[in-house]
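Close look at the chain arrangement
Here's the letter readout for the chains.
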Amino acid sequence: MIARVDLRGAALSSLDARALRDALPRAELDVEAALETVRPICEQVHAGGVDAILDLDERFDGVRPPSLRVPAQVLDKALAGLEPKLRAALEESIRRARLVHSDQARVDSVTQVVPGGTVTERWVPVDRVGLYVPGGQAVYPSSVVMNVVPAQIAGVGSLAVASPPQRSNTVDFVGYPDPTILAACALLGVDEVYSVGGAQAVAMFAYGASDADGTTVCEPVTLVTGPGNVYVAAAKRLLLGIIGIDAEAGPTEIAILADETADPELVAADLISQAEHDELAASVLVTDSEELAAAVEAALERRASRTKHAIRVKTALGGPQSGIVLVSGVDEGVRVVDAYAAEHLEIQTRDAAAVAARIRNAGAIFVGDYAPVSLGDYAAGSNHVLPTGGCACHSGGLSVQTFLRGIHVVDYSREALADVADTVVTLATAEDLPAHGEAVTARFASDS
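Calculation notes
Residues numbered from 1 in each chain as written. Predicted model: local features only at pLDDT ≥ 70, side-chain atom pairs only at ≥ 80, totals over all residues. Heavy atoms only, no water. Helix = DSSP H or I, 4+ residues; strand = E, 2+ residues; numbered from the N terminus. Contact = heavy atoms within 4.5 Å. Areas by Shrake-Rupley, 256 points an atom, 1.4 Å probe, with all protein chains shown as cover. Lys, Arg positive; Asp, Glu negative; His and termini not counted. Charge placed at Lys NZ, Arg CZ, Asp CG, Glu CD. Disulfide = S-S within 2.5 Å. Buried < 20%, exposed > 50% of the residue type's maximum accessible area, 1.4 Å probe, protein only. Salt bridge = Lys/Arg side-chain N within 4 Å of Asp/Glu carboxyl O. Pairing = 2+ DSSP bridges. Right-handed = clockwise from strand over helix to strand, strands pointing away.

**Some points on the overall build of the protein chain**
In terms of regular secondary structure, the protein chain is built from 17 helices and 16 strands. Along the three orthogonal principal directions, the C-alpha set of the protein chain runs to about 90 × 65 × 40 Å. Of the contacts made within the protein chain by residues no fewer than 6 positions apart, 74% connect residues no fewer than 24 positions apart. Of the roughly 20100 Å² that the protein chain leaves accessible, carbon and sulfur atoms contribute 52%. Each charge sign in the protein chain was given a centre, from 34 positive and 60 negative side chains, and these centres are 4 Å apart.

Have a look at this one:
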């Protein structure tokens, strides 16, 4: 079901960093090709506003919403109808996320460079954000929590959520997003929710949307965050500059670094948990134990056949993005998982915490037998919106920082500027930008 890649001995030592990345399993995500698909969609939204978006909802999701914006009474009904145990679980997830993300809050800092000369770094939230919550093969109320909580803690003044309308909805929710998503929004106090998914949701956030009589239904946003499929990623790339984005998120991925002490049943369960998301989901085991690899293969065969989404899971595990990578030792395994830069990385080795401390590239790291990725998906308090496709080597996950901008405020007295004037003039002259220097000396022209 799952392929093997043998990187023991010379097979690994002969590879440089780029060749190693290329040798590892990876989802095939052609965002560039998807651009040509999403470009006319985004243009249609830009030109046609609300009517165009509703047409696209009907085309792609098989249902036309009664209104683009979800009415307040529909949100209230979703929350009122939420099963008590699920409500309690969401409330606990929110509580833990707030605990963790509150510690990420930034405070302004003032540096006195010289007497009379200060630079203050002010942390200012973006004005308005569009939070995307996917809803294709599964619906994700947990993603509402992960997007909204850090934005609220950052102090963003205006939040809007978009999620695809669900054709299977009934009664009060026909044509709207899944009721659990609506209920999660209501729990968090978000009352601006739109029935739109895919590239058209990103375009709506970028351009805003008006109805036929010119009334604005959705104001444009400054920043769009949240995971999605390749078309969402392509729309983010296309519209970058009109909006800011968190990342071009691709299919989910898990890597597990394990040695002979790992429990093969736990390893297999965790690999399957990510394969359950999507047929393109990546599940990768890196191990120096051939015995563990064989035991995990057997456990995968057995467990995958009896899981609810067996066909999806088997497709993902059998795809080029998944595999078991054999290495000579844990040190070599660390090199491999650092090169892979997984969205989610589990460490199931002897001295797991010490091994985890050596990892430099991962969206989130899960240490030991009792920190599975699914804990982070829902209730660890960490954020599950994480970099994919190897982007964890240069980017981090969604956080309060995502929604903040650092602004330097420069405040110099006349004396402090006079003291550094010659330095500015010298550097400006070296760069052949004399007017830069003159902008300083002009302030002291009356002194000569």
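Structure shown, so let's carry the discussion forward.
**Comments concerning the state of the cysteines**
A full pass over the atoms with the stated rule returns zero disulfides. There is no disulfide at Cys-42, and the cysteine sulfur nearest it, in Cys-218, is 14 Å away. By relative accessible area, which is 1% here, Cys-42 ends up buried. Not engaged in a disulfide, the cysteine Cys-185 finds its nearest cysteine sulfur in Cys-218; these two sulfurs lie 14 Å apart.

**A short note on the pattern of salt bridges**
Close approach of charged atoms allows side chains of opposite charge to pair. Taken as a whole and judged by the stated rule, the model has 22 salt bridges. Arg-128 is the salt-bridge partner of Glu-192, the closest N and O atoms lying 2.7 Å from each other. Linking Glu-192 in the loop between helix 7 (179-187) and strand 6 (193-195) with Arg-128 in strand 4 (residues 128-132), this pair joins segments that are 64 residues apart in sequence. With relative accessibility at 9%, the residue Arg-128 sits in the buried group. Between Arg-358 and Asp-331 there is a salt bridge; the shortest N-O distance is 3.0 Å. Linking Arg-358 in the loop between helix 14 (352-356) and strand 15 (364-367) with Asp-331 in helix 13 (residues 330-340), this pair joins segments that are 27 residues apart in sequence. Exposure remark for Arg-358: the relative accessible area of 42% places this residue in the partly exposed category. Salt bridges here are not isolated pairs; linked through shared partners, they connect Arg-4, Asp-6, Arg-8, Glu-290 and Glu-297.

**Observations concerning the pairing of strand 11 (residues 253-258)**
Looking down a regular strand, the side chains alternate between one sheet face and the other. For strand 11, the buried fraction is high: six of the six residues fall into the buried class. Residues Glu-253, Ala-255 and Leu-257 point to one face of strand 11 and Ile-254, Ile-256 and Ala-258 to the other, with burial holding for every one of them. With six bridges connecting them, strand 11 and strand 12 (residues 282-287) associate as parallel partners. Counted as the bridge partner of Ala-258 is Thr-287 from strand 12. Note on the crossover from strand 11 through helix 10 (residues 264-275) to strand 12: the handedness is right-handed. In this sheet, strand 14 (residues 344-348) lies alongside strand 11 in parallel orientation, the contact comprising five bridges. By the bridge assignment, Leu-257 is partnered in strand 14 with Ile-347.

Keep in mind these numbers describe shape, not what the thing actually does.
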